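The chain contents come next:
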Amino acid sequence: MENKKLMRAMSNKMLMGVCSGLAVYTGMDVTVWRIIAVVASFITGGAAFIAYLIMGLIIPKDDAEV
């Protein structure tokens with residue numbers, strides 16, 4: 001079993017690399033995660049964007065990708 005860690009991916013990032021890191025972690029396309037983040041932000045009235053910023057501060061960068 002592979003030991004996965006959630007890291008902010010520095011390749012293919014737009015803002016902080018959270019969606020890109022989630023895409024690498026789950027094996028999904030990064031575009032799907034970006035659409036989920038935007039839709040969730042509109043539905044929750046911006047609370048999802050605040051959660052995104054918090055995740056960007058808490059989740060460590062994946063420096064091995066550079």
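All of these numbers come straight from a predicted model, not from anything done at the bench.

A. Inspection of the overall build of the chain at higher detail. Helices and strands together make up the secondary structure of the chain, namely three helices and zero strands. Helices and strands appear in the chain in the N-to-C order α-α-α. Relative to the 2.2 N^0.38 estimate, which gives 11 Å for 66 residues, the radius of gyration of the chain is 12 Å and therefore close to what a compact globule would have. Projected onto the principal axes, the alpha-carbon positions of the chain cover approximately 35 × 20 × 20 Å.

B. Spatial organisation of the side chain of aspartate 62. Mapping aspartate 62 onto the fold places it in the segment after helix H3 (47-58). Here aspartate 62 occupies a buried position and makes no salt bridge, while the nearest side chain of opposite charge, lysine 5, is found at 9.7 Å. With near-sequence residues (within four places) excluded, aspartate 62 lies in contact with Met7, Arg8 and Met10.

C. Focus on the layout of surface pockets. What the largest pocket holds in volume is close to 410 Å³. Of all the secondary structure elements, the ones that give two or more residues to the lining of the largest pocket are helix H1 (18-26), helix H2 (30-43) and H3. In terms of residue count, H2 provides more of the lining of the largest pocket than any other element does, eight residues in total. Of the residues belonging to the lining of the largest pocket, the class tally is 16 nonpolar, three polar and two charged.

D. Representation of the packing of H1 against H3 in the model. Interaxial distance between H1 and H3 falls to 10 Å at its minimum, and their mutual angle equals 75 degrees. Taken together, the axes of H1 and H3 are roughly perpendicular relative to one another. Where H1 abuts H3, its residues Val18, Cys19 and Leu22 lie against Tyr52, Met55 and Gly56. Tallied by class, residues from the contact of H1 with H3 come to five nonpolar, one polar and no charged.

So, how was this worked out
- Residues numbered from 1 in each chain as written.
- Predicted model: local features only at pLDDT ≥ 70, side-chain atom pairs only at ≥ 80, totals over all residues.
- Heavy atoms only, no water.
- Helix = DSSP H or I, 4+ residues; strand = E, 2+ residues; numbered from the N terminus.
- Rg over C-alpha atoms; globule rule 2.2 N^0.38 Å.
- Buried < 20%, exposed > 50% of the residue type's maximum accessible area, 1.4 Å probe, protein only.
- Lys, Arg positive; Asp, Glu negative; His and termini not counted.
- Salt bridge = Lys/Arg side-chain N within 4 Å of Asp/Glu carboxyl O.
- Contact = heavy atoms within 4.5 Å.
- 1 Å grid on protein atoms, 1.4 Å probe; cavity = no way out; pocket = protein on both sides within 12 Å on 5 of 7 lines; lining within 4 Å.
- Points joined across faces, edges and corners; volume = space filled by probe spheres on them.
- Nonpolar A, V, L, I, M, F, W, Y, C, P; charged D, E, K, R; others polar.
- Axes fitted to C-alpha atoms, helices over the stretch in contact; angles between N-to-C directions.
- Parallel < 35°, antiparallel > 145°, perpendicular 65-115°, else oblique.

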